[in-house]
There are 4 protein chains.
Amino acid sequence: MTHTLSFASDYLEAAHPRIMEKLAETNMMQTSGYGSDEFSASAKRRIREACQCPQAEVRFLVGGTQTNQVVIAALLRSYQGVIAAQSGHISVHEAGAIEFGGHKVLEIPSEDGKLTAQQIEQTLADYWNDGNHEHMVMPGMVYLSQPTELGTLYSKAELQAISQVCRSYSIPLYVDGARLAYALAAPANDVSLADLAQLCTAFYIGGTKCGAMFGEAVVLPNPDLIPHFTSIIKQHGALLAKGRILGIQFDQLFQDNLYQEIACDAIRLADRIRSCLKANGYRLHFDAPTNQIFCIVSEEERARLAQKVAFSFWEKYDDSHTIIRLATSWATREEDAEQLCQILAER
Amino acid sequence: MTHTLSFASDYLEAAHPRIMEKLAETNMMQTSGYGSDEFSASAKRRIREACQCPQAEVRFLVGGTQTNQVVIAALLRSYQGVIAAQSGHISVHEAGAIEFGGHKVLEIPSEDGKLTAQQIEQTLADYWNDGNHEHMVMPGMVYLSQPTELGTLYSKAELQAISQVCRSYSIPLYVDGARLAYALAAPANDVSLADLAQLCTAFYIGGTKCGAMFGEAVVLPNPDLIPHFTSIIKQHGALLAKGRILGIQFDQLFQDNLYQEIACDAIRLADRIRSCLKANGYRLHFDAPTNQIFCIVSEEERARLAQKVAFSFWEKYDDSHTIIRLATSWATREEDAEQLCQILAER
Amino acid sequence: MTHTLSFASDYLEAAHPRIMEKLAETNMMQTSGYGSDEFSASAKRRIREACQCPQAEVRFLVGGTQTNQVVIAALLRSYQGVIAAQSGHISVHEAGAIEFGGHKVLEIPSEDGKLTAQQIEQTLADYWNDGNHEHMVMPGMVYLSQPTELGTLYSKAELQAISQVCRSYSIPLYVDGARLAYALAAPANDVSLADLAQLCTAFYIGGTKCGAMFGEAVVLPNPDLIPHFTSIIKQHGALLAKGRILGIQFDQLFQDNLYQEIACDAIRLADRIRSCLKANGYRLHFDAPTNQIFCIVSEEERARLAQKVAFSFWEKYDDSHTIIRLATSWATREEDAEQLCQILAER
Amino acid sequence: MTHTLSFASDYLEAAHPRIMEKLAETNMMQTSGYGSDEFSASAKRRIREACQCPQAEVRFLVGGTQTNQVVIAALLRSYQGVIAAQSGHISVHEAGAIEFGGHKVLEIPSEDGKLTAQQIEQTLADYWNDGNHEHMVMPGMVYLSQPTELGTLYSKAELQAISQVCRSYSIPLYVDGARLAYALAAPANDVSLADLAQLCTAFYIGGTKCGAMFGEAVVLPNPDLIPHFTSIIKQHGALLAKGRILGIQFDQLFQDNLYQEIACDAIRLADRIRSCLKANGYRLHFDAPTNQIFCIVSEEERARLAQKVAFSFWEKYDDSHTIIRLATSWATREEDAEQLCQILAER
């Protein structure tokens with residue numbers, strides 16, 4: 001079987017080799033269940049340290065949609081909704097998981113996948129100033145993604161402004177870090193894990209797309225924030241019996257700075273592909289400095305490329321053009337990026 | 001106590017006198033509960049006749065939000081959402097009742113409160129054509145209001161086109177008729193009850209705002225559409241023990257053509273007020289031929305009017321203007337409309 | 001039409017004449033909506049006074065299942081359940097309304113419809129002592145009915161003991177008073193409205209079965225208990241537009257001690273029927289001193305009675321016997337009770 | 001670190017070595033996501049074959065509670081509940097996951113964790129014969145566990161009788177096979193995978209406790225049973241991005257008859273422990289021929305044993321006795337069972 005060139009997603013491979021080795025090595029060990037094991041304890045310690053937040057509560061869940069669903073349910077009261085960008089993962093790509101839990105996603109339009117502090121403040125002010133607001137959904141928290149679903153990044157100043165608005169309205173700020181490693185590794189990024197721990201009420205450090213076989217680490221800087229969190233997780237069918245499988249993975253990811261470095265190659269190769277696209281006259285879409293590359297192509301171009309490389313359809317741009325997405329990852333091979341650039345240059 | 005002039009809403013009074021008389025007259029009668037009484041049976045017969053739909057199932061509920069919540073829950077599968085205008089009652093003013101039931105409201109922008117057949121078709125096509133649609137919320141029905149929350153009307157041709165789209169995608173079309181009497185009484189209207197019964201999968205005939213003390217009549221032209229509807233209603237806490245109170249009201253509303261005529265004065269007086277507004281240089285908003293009058297006023301104007309008449313704030317128009325709403329109803333008195341016109345003319 | 005003798009339920013008639021008169025009298029008055037009117041304010045004042053609880057929050061809802069659903073949703077966190085007797089209304093006769101809201105009813109067996117303080121304490125201790133309790137549903141509140149669905153009464157001492165247990169575990173005690181007037185009027189009763197206000201976190205004063213056309217009054221002795229209660233009510237489709245219809249009814253029920261006396265005749269007549277049953281050798285079931293009479297009859301007896309009087313089937317007692325229920329109400333006529341006694345004596 | 005003797009659960013180790021090897025071997029392969037990969041396809045083929053059900057739909061989920069929650073949500077209508085034994089996993093140990101999805105668990109008392117066809121039929125008949133059943137929760141499906149949570153087994157004849165009842169009422173029969181391998185390996189068992197495929201509407205083949213690192217395989221003999229199942233899974237946060245991780249595991253489990261044999265040692269060692277218990281005068285509880293051993297011990301005995309071996313507390317038996325559980329698994333070592341027997345003999 002020949003290798004098919006694929007930039008279709010950032011979860012094509014299973015796990016970083018160090019993780020797989022450790023899973024194999026510990027396979028027949030006996031540990032207690034549900035995250036009460038030593039590997040999970042160690043992983044939590046390392047994450048607290050990386051976040052410079054020694055008191056933080058850390059919990060491991062299996063996937064991103066699950067994590068959003070559980071954390072949002074835990075943070076909202078039944079009559080509250082969650083503010084999110086219209087392009088947010090919870091707005092578009094979770095099959096209604098948030099509404100299934102009873103909450104409205106209060107969607108705000110956004111060109112680049114980001115919300116501004118001003119938009120959020122306006123939404124909150126509009127609600128509280130409306131004489132009729134008891135008949136409307138109370139905005140009860142803010143959901144952001146770092147990087148966003150469109151590959152863009154919040155700057156530290158932007159996050160600080162948003163955090164300030166949330167604090168002034170006493171509502172949680174929650175950051176979805178499904179691809180957080182790709183933010184941390186981007187030269188343009190100035191937001192550290194410690195910044196997130198300072199500015200957010202809750203955030204998650206994505207594993208599935210960032211080196212783990214699967215898994216996301218929820219960080220709650222205030223450890224008393226969510227009482228009975230285990231019951232909430234269990235009630236959502238989200239409590240992994242052999243919790244150590246998650247613990248081992250994050251214990252590896254947070255040794256020797258692996259998580260903060262794992263995405264460096266992905267960013268370097270994404271930048272090379274972006275340069276190649278520009279050099280060959282392709283139109284990039286969104287100002288995305290992370291591992292996702294969005295490009296506007298004609299239907300002919302799309303058909304031509306599709307014969308040689310796998311990528312994903314993003315959305316129609318206009319009647320004759322489409323936005324496609326190419327994604328690199330921690331596992332992308334140098335030679336594959338090279339081959340892609342050659343294909344792109346054959347224009 | 002002097003009478004305060006109020007056009008704040010169309011539910012300021014209790015019930016049409018005929019209804020109150022009948023309630024008083026039958027007060028000490030004994031009937032069986034939960035809508036199994038003779039008054040409810042008679043009301044259902046009359047509604048079926050008015051809708052020229054002898055086989056229709058008719059059910060009485062207490063209020064509009066409750067009705068939307070129950071009917072939408074009954075018509076959708078757990079993974080489906082409901083298409084609605086961004087200004088729809090279920091989108092804005094039901095405190096998240098639809099999401100509470102687990103369903104996303106798939107909001108479509110609209111200037112005049114109406115959806116077009118094309119918008120609906122596009123939404124459905126976008127979903128089904130998206131390779132990733134299993135990760136998105138499936139549009140499972142369409143919700144419209146006749147008249148809309150902005151007082152506008154669907155024409156029969158528009159409804160036919162929408163109905164056609166729904167049928168081609170095999171999804172229900174549901175019409176919220178909270179103010180349906182005001183549509184039926186409007187000269188501009190060409191959609192009859194019989195048309196609704198032909199074009200919709202379900203609709204409700206509003207009582208609360210149209211002469212009843214409270215109550216809405218759900219009409220299901222296909223009587224087999226919702227099996228076990230009573231259990232669904234009960235589960236929502238929406239089954240009135242003394243169902244005859246609803247039956248008596250609708251039995252009166254559908255005698256001697258009362259429902260179809262009850263709103264005539266409301267429309268006539270609303271038209272007079274609109275003429276007066278135009279004559280005095282006010283800017284009307286939305287092309288609304290029913291009982292709600294939307295008007296853009298400056299902040300000074302608003303303050304001046306507020307001293308003399310009660311109305312409702314609709315929304316900010318711009319930094320220095322507001323949209324206010326004046327509503328007439330079946331109970332509006334000639335002399336009150338006259339007095340309002342004088343106040344408006346004092347500009 | 002001849003009058004059919006019926007003891008089938010306690011909601012055969014509409015409203016106490018005083019209520020109907022007031023509704024008719026105020027019919028064309030204009031008031032603001034959603035319970036912000038003067039009648040509602042007056043009714044709340046009177047109820048606070050009757051409960052000797054000047055600070056209490058009082059809210060009016062339409063029906064009993066709705067009230068249970070809304071109050072329980074407001075008091076529980078998402079991962080909690082409600083302790084109730086297996087025969088409780090929420091356990092059996094609300095079509096799953098509590099589960100629909102996401103909460104388990106933690107049912108406790110009971111012969112007479114009552115829970116004991118000891119059973120409740122055991123349930124709570126079992127949960128908290130179980131090493132695995134995070135995998136189980138946390139008991140988050142207690143639901144009782146006064147009188148119970150089987151017509152029995154809690155004594156003040158019993159309620160105090162239960163209240164004490166709830167306080168020691170910091171969970172709300174909620175009392176369903178759908179038929180509360182029939183408890184208040186029973187000679188055997190020693191629990192006043194003021195006692196309920198002292199011992200409960202929340203309770204409701206039933207209107208539908210106790211003189212109102214419909215309506216239940218929720219009393220929250222601690223007014224800060226449920227923030228944003230209006231949004232919660234609206235979200236459940238339970239906010240009546242013309243709230244004054246509820247306000248007027250309770251304003252009448254709490255004038256001149258009407259509510260506390262309205263059920264006296266019902267109890268007196270129920271006692272007469274019970275005496276007659278005993279005198280004629282019928283077997284009574286449950287020790288029920290209120291308006292519901294439960295009686296074990298053979299199938300032949302049941303058939304014979306059914307030809308002459310309407311009653312309700314309760315449940316099978318054994319292969320050849322059935323428990324039937326006869327209910328009196330505030331509206332039961334002396335001559336009807338007399339006629340029933342004659343029929344019973346024809347054994 | 002010395003090895004601590006543990007019979008605390010059947011999920012102490014990670015995965016069967018064959019699975020871990022395959023995961024490591026395929027680690028850096030690229031595959032498409034969400035279960036569309038070749039490993040998942042192959043695993044499905046093997047499972048269909050093992051079930052002798054070539055047309056079955058097979059889906060892989062991560063854990064047992066999640067699987068129950070998703071399948072039950074997919075099979076019930078909003079107003080229906082699920083019949084289960086009071087000791088069923090969904091009744092007791094899923095933190096209310098089923099109620100969270102809006103459905104009541106209709107619990108039936110059971111001494112041995114099993115339901116009888118007669119109990120189920122009675123429950124269904126009681127509902128449908130009750131004149132008031134529209135106010136009650138409609139039993140919409142039956143949930144069984146094979147083996148049960150108490151280690152007992154349904155015989156083929158018992159399952160046939162239950163299946164027959166379900167079919168006569170047209171409701172699904174769903175079997176939770178969290179420990180199915182331990183049933184298949186038990187000499188007392190006469191129910192094959194093919195029997196389950198014939199008798200059930202849905203069942204799942206447990207991986208987490210039967211050799212997999214995690215994962216459960218849902219089998220739907222009628223492939224059209226659940227339309228849009230992927231959306232339902234996604235909406236529950238239960239769709240694993242790298243679906244091949246599940247596919248690879250089940251592909252291994254269903255090669256060379258591994259799943260059907262993996263539990264043989266567990267049963268053999270459990271039998272040896274049971275013999276030892278009996279020989280030493282311990283009282284066994286439940287007639288459990290699978291890998292779970294339930295034993296009634298005095299408090300002193302419990303304390304003594306707890307110093308030498310880990311086991312789990314099941315429940316209080318009486319004031320001075322406790323039921324403890326010892327579990328063997330596919331990974332239990334011969335020498336550990338031996339050591340346990342010696343400890344038990346030291347009585």
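Conventions adopted
- Residues numbered from 1 in each chain as written.
- Chains lettered and ligands numbered in written order.
- Predicted model: local features only at pLDDT ≥ 70, side-chain atom pairs only at ≥ 80, totals over all residues.
- Heavy atoms only, no water.
- Contact = heavy atoms within 4.5 Å.
- Buried area = accessible area lost by both parts, 1.4 Å probe.
- Salt bridge = Lys/Arg side-chain N within 4 Å of Asp/Glu carboxyl O.
- Polar contact = N/O pair within 3.5 Å; in protein donor to acceptor, adjacent residues only side chain to side chain.
- Helix = DSSP H or I, 4+ residues; strand = E, 2+ residues; numbered from the N terminus.
- Nonpolar A, V, L, I, M, F, W, Y, C, P; charged D, E, K, R; others polar.
- Pairing = 2+ DSSP bridges.
- Axes fitted to C-alpha atoms, helices over the stretch in contact; angles between N-to-C directions.
- Least-squares fit on C-alpha atoms with pLDDT ≥ 70 in both.
- 1 Å grid on protein atoms, 1.4 Å probe; cavity = no way out; pocket = protein on both sides within 12 Å on 5 of 7 lines; lining within 4 Å.
- Points joined across faces, edges and corners; volume = space filled by probe spheres on them.
- Buried < 20%, exposed > 50% of the residue type's maximum accessible area, 1.4 Å probe, protein only.
- Domains from an automatic or database assignment.
- Disulfide = S-S within 2.5 Å.
- Parallel < 35°, antiparallel > 145°, perpendicular 65-115°, else oblique.
- Phe/Tyr/Trp six-rings, centres within 6.5 Å; stacked < 30°, edge-to-face > 60°.
- Lys NZ or Arg CZ within 6 Å of the ring centre and 35° of its normal.

Asks: Would you take a moment to explain the interface of chain C and chain A for this structure?
Replies: Where the parts come together, the accessible area they lose is often given as the size of the interface. With 22 residues of chain C in contact, the opposing surface of chain A contributes 22 residues. Of all residues in chain C, the largest losses of buried area upon contact with chain A belong to Y79, E134 and H135 of chain C, amounting jointly to 33% of the total for that side. Applying the counting criterion to the chain C and chain A interface returns 0 salt bridges. Counting every contact that joins chain C to chain A gives 4 residue pairs in polar contact (both at pLDDT 80 or more). Broken down by element, the side of chain C that touches chain A gets its largest block of residues, 5 residues, from helix α10 (residues 229–235) of chain C. Tallied by class, residues from the side of chain C that touches chain A come to 11 nonpolar, 8 polar and 3 charged.

Asks: What exactly am I supposed to notice about the side chain of T230 of chain D here?
Replies: Mapped onto the elements of the fold, T230 of chain D is located in helix α10 (residues 229–235). A polar side-chain atom of T230 of chain D sits 2.8 Å from a polar atom in the side chain of R59 of chain D. Beyond its immediate stretch of four places on either side in the chain, T230 of chain D contacts E134 of chain B together with R59 and L239 of chain D.

Asks: Just to check I follow, could you spell out the sheet that holds strand β3 (residues 105–108) of chain A for this structure?
Replies: Picture the strands of a sheet paired through backbone hydrogen bonds; they go either parallel or antiparallel. All names here are of chain A. Pairing in this open sheet of 7 strands is mixed, and the strands run β1-β7-β6-β5-β4-β2-β3 from one edge to the other. Each of the sheet's edge strands pairs with one partner strand only, and the pair in question is β1 (57–61) and β3. Averaged over all pairs of adjacent strands, the angle between strand axes in this sheet comes to 25 degrees, irrespective of strand direction. Packing of helix α11 (residues 244–253) onto the sheet brings it into contact with β1, β6 (202–206) and β7 (216–220), and relative to β1 it is tilted by some 115 degrees.

Asks: Any chance you could explain the relation of the copies chain C and chain A here in plain terms?
Replies: Both copies of the chain are related by one operation, a rotation about an axis with a shift along it. Mapping chain C onto chain A leaves a residual RMSD of 0.0 Å; the transformation is a rotation of 180 degrees accompanied by 0.0 Å of translation along its axis. Expressed as a symmetry operation, the mapping of one chain copy onto the other fits a two-fold axis. The share of interface residues of chain C whose copies in chain A are also at the interface is 100%, consistent with both copies meeting through the same surface.

Asks: Teacher, can you tell me more about empty space enclosed by the protein here?
Replies: Empty space left among the atoms is revealed by rolling a probe the size of a water molecule over them. Per the stated rule, a full pass over the model turns up 15 cavities of 30 Å³ or more. In this structure, the largest cavity encloses a volume near 760 Å³. Around the largest cavity sit 34 residues that line it, and F100 of chain A, F100 and G101 of chain B, F100 of chain C together with F100 of chain D are the ones nearest its centre. Here the lining of the largest cavity is composed, by residue class, of 12 nonpolar, 18 polar and 4 charged. In this model, the second largest cavity occupies a volume close to 80 Å³. Every residue lining the second largest cavity is counted, 14 residues in all, and those nearest its centre are Q30 of chain A together with S6, L12, E13 and T332 of chain D.

Asks: Help me understand the pairing of strand β6 (residues 202–206) of chain D, please; the structure alone is not making it clear to me.
Replies: Every other side chain in a regular strand lies on the same face of the sheet, so the side chains alternate between the two faces. All names here are of chain D. Of all 5 residues making up β6, 5 are buried, and the element is well covered by its neighbours. Side chains A202, Y204 and G206 of β6 all project onto a buried face; the interleaved residues F203 and I205 project onto the opposite face, where all are buried too. The pairing of strand β5 (residues 173–177) with β6 spans 4 bridges and is classified as parallel. Each bridged residue has a counterpart across the sheet, and for V175 the counterpart in β6 is F203. Summarising the sheet, β6 and strand β7 (residues 216–220) pair through 4 bridges and their orientation is antiparallel. Counted as the bridge partner of F203 is V219 from β7.

Asks: Help me understand the domain arrangement of chain A in this model?
Replies: All names here are of chain A. In terms of domains, chain A is made up of domain 1 (17–261) and domain 2 (264–345). For domain 1 versus domain 2, the separation of C-alpha centres amounts to 28 Å. The interface is formed by 21 residues belonging to domain 1 together with 16 residues belonging to domain 2. Summed over both sides, the interface between domain 1 and domain 2 buries roughly 1,300 Å², with carbon and sulfur atoms accounting for 65% of that surface.

Asks: So what exactly am I meant to see when it comes to the relation of the copies chain A and chain D here?
Replies: Turning chain A through 180 degrees and shifting it by 0.0 Å along the axis lays it on chain D, with an RMSD of 0.0 Å. When the interface residues of chain A are mapped onto chain D, 100% of them are again interface residues, pointing to one common binding face.

Asks: Would you take a moment to explain the state of the cysteines for this structure?
Replies: Joining two cysteines, a disulfide is a covalent bond between their sulfur atoms. For the structure shown, the criterion picks out 0 disulfides over all chains. Not engaged in a disulfide, the cysteine C210 of chain A finds its nearest cysteine sulfur in C264 of chain A; these two sulfurs lie 12 Å apart. Take C341 of chain D: it sits in no disulfide, and the sulfur closest to it among the cysteines is that of C276 of chain D, at 3.9 Å.

Asks: Please clarify how the packing of helix α13 (residues 264–279) of chain B against helix α15 (residues 334–345) of chain B should be interpreted in this entry.
Replies: Angle between the axes and distance between the axes are the two parameters that describe a pair of packed helices. Residue and element names in this part refer to chain B. For the pair α13 and α15, the least separation of the axes is 10 Å and the interaxial angle reads 10 degrees. Considered as vectors, α13 and α15 are oriented roughly parallel to each other. Note on element contacts: α15 touches α13 through E334, A337, E338, L340, C341 and L344, opposite R268, L269, R272, I273, C276 and L277.

Asks: Which parts of the structure should I look at to understand the sheet that holds strand β8 (residues 283–284) of chain C?
Replies: Residue and element names in this part refer to chain C. Pairing is antiparallel in the open sheet, where 4 strands are placed in the order β8-β9-β11-β10. The sheet is open, and its two borders are formed by β8 and β10 (312–318), each paired with just one other strand. Pairing analysis gives 2 bridges linking β8 to strand β9 (residues 292–298), with the strands arranged antiparallel. The residue bridging L284 from the neighbouring strand is C295, located in β9.

Asks: Looking at this model, I keep getting lost on the interface of chain A and chain D. Mind explaining?
Replies: Counting from both sides, the interface comprises 46 residues of chain A and, opposite them, 46 residues of chain D. Considering only the surface of chain A that becomes buried against chain D, Q30, F100 and K242 of chain A emerge as the three largest contributors, covering 18% of it. Seen at the junction of chain A and chain D, the total is 0 salt bridges. At the boundary of chain A and chain D, one finds 24 residue pairs in polar contact (both at pLDDT 80 or more). When residues of the side of chain A that touches chain D are traced back to their parent elements, those giving at least two are α1 (17–25), α3 (64–75), α5 (97–100), α10 (229–235) and α11 of chain A. For the side of chain A that touches chain D, the leading source of residues is α1 of chain A, giving 4 residues.

Asks: How should I be thinking about the packing of aromatic side chains in this particular structure?
Replies: Given two aromatic rings, one states the distance between the centres and the angle between the planes to describe the pair. For the structure shown, the criterion picks out 30 aromatic pairs over all chains. When the centroid spacing of 4.9 Å and the interplanar angle of 90 degrees are considered together, the rings of Y127 of chain B and W128 of chain B count as edge-to-face. Y127 of chain B sits in the buried class, given a relative accessible area of 5%. Look at W128 of chain B and you get partly exposed, because its relative accessible area is 33%. Among the aromatic residues, those joined into a ring-pair cluster are F286, F294 and W314 of chain A. Cation over ring: R347 of chain C sits above Y282 of chain C, and NZ or CZ is 4.1 Å from the ring centre.

Asks: In this structure, what is going on with the pattern of salt bridges? I would like to understand it.
Replies: A side chain with one charge may pair with a side chain of the opposite charge, provided their charged atoms come close. Applying the stated rule across the entire model yields 88 salt bridges over all chains. We note a salt bridge from D195 of chain A to K156 of chain A, for which the minimum N-O separation is 3.2 Å. Of this pair, D195 of chain A sits in helix α9 (residues 193–199) while K156 of chain A sits in helix α7 (residues 156–168), and the two are 39 residues apart along the sequence. Relative accessible area serves as the criterion here: at 10%, D195 of chain A is assigned to the buried category. Under the relative-accessibility criterion, K156 of chain A is labelled partly exposed at 29%. Here R272 of chain B and E334 of chain B are joined by a salt bridge, their closest N and O atoms 2.8 Å apart. With R272 of chain B in helix α13 and E334 of chain B in helix α15, this residue pair connects regions lying 62 residues apart in the sequence. Beyond isolated ion pairs, a larger network of salt bridges with shared partners links D265, R268, R272, E334 and E338 of chain A.

Asks: Got a minute to help me understand the environment of M138 of chain A in this structure?
Replies: By secondary structure assignment, the location of M138 of chain A is in strand β4 (residues 138–145). In this structure M138 of chain A comes out as buried when scored by relative accessible area, which is 4%. Between the alpha carbons of M138 of chain A and A161 of chain A there is a distance of 21 Å; along the sequence they are 23 residues apart. When neighbours within four sequence positions are excluded, M138 of chain A is seen to be in contact with Y79, Q80, G81, L106, Y127 and W128 of chain A together with H228 of chain C.

Asks: Explain unusual backbone geometry here, please?
Replies: When glycine is set aside, most residues are seen to have a negative phi, and most peptide bonds are trans. Here the amide bond leading from Q146 of chain B into P147 of chain B is cis, since omega sits at -10 degrees, within 30 degrees of zero. With respect to the helices, strands and loops of the structure, P147 of chain B is situated in the loop between β4 (138–145) and α7 (156–168). The phi torsion at Y34 of chain D lies on the positive side, around 60 degrees, for a residue other than glycine. Relative to the elements of secondary structure, Y34 of chain D occurs in the loop between α1 (17–25) and α2 (38–50). Here Y34 of chain D falls in the partly exposed class, since its relative accessible area comes to 30%. Here D256 of chain D, not a glycine, exhibits a phi torsion of approximately 50 degrees, which is positive. Tracing the backbone shows D256 of chain D in the loop between α11 (244–253) and α12 (258–261). Residue class for D256 of chain D comes out exposed when judged on its relative accessible area of 60%.

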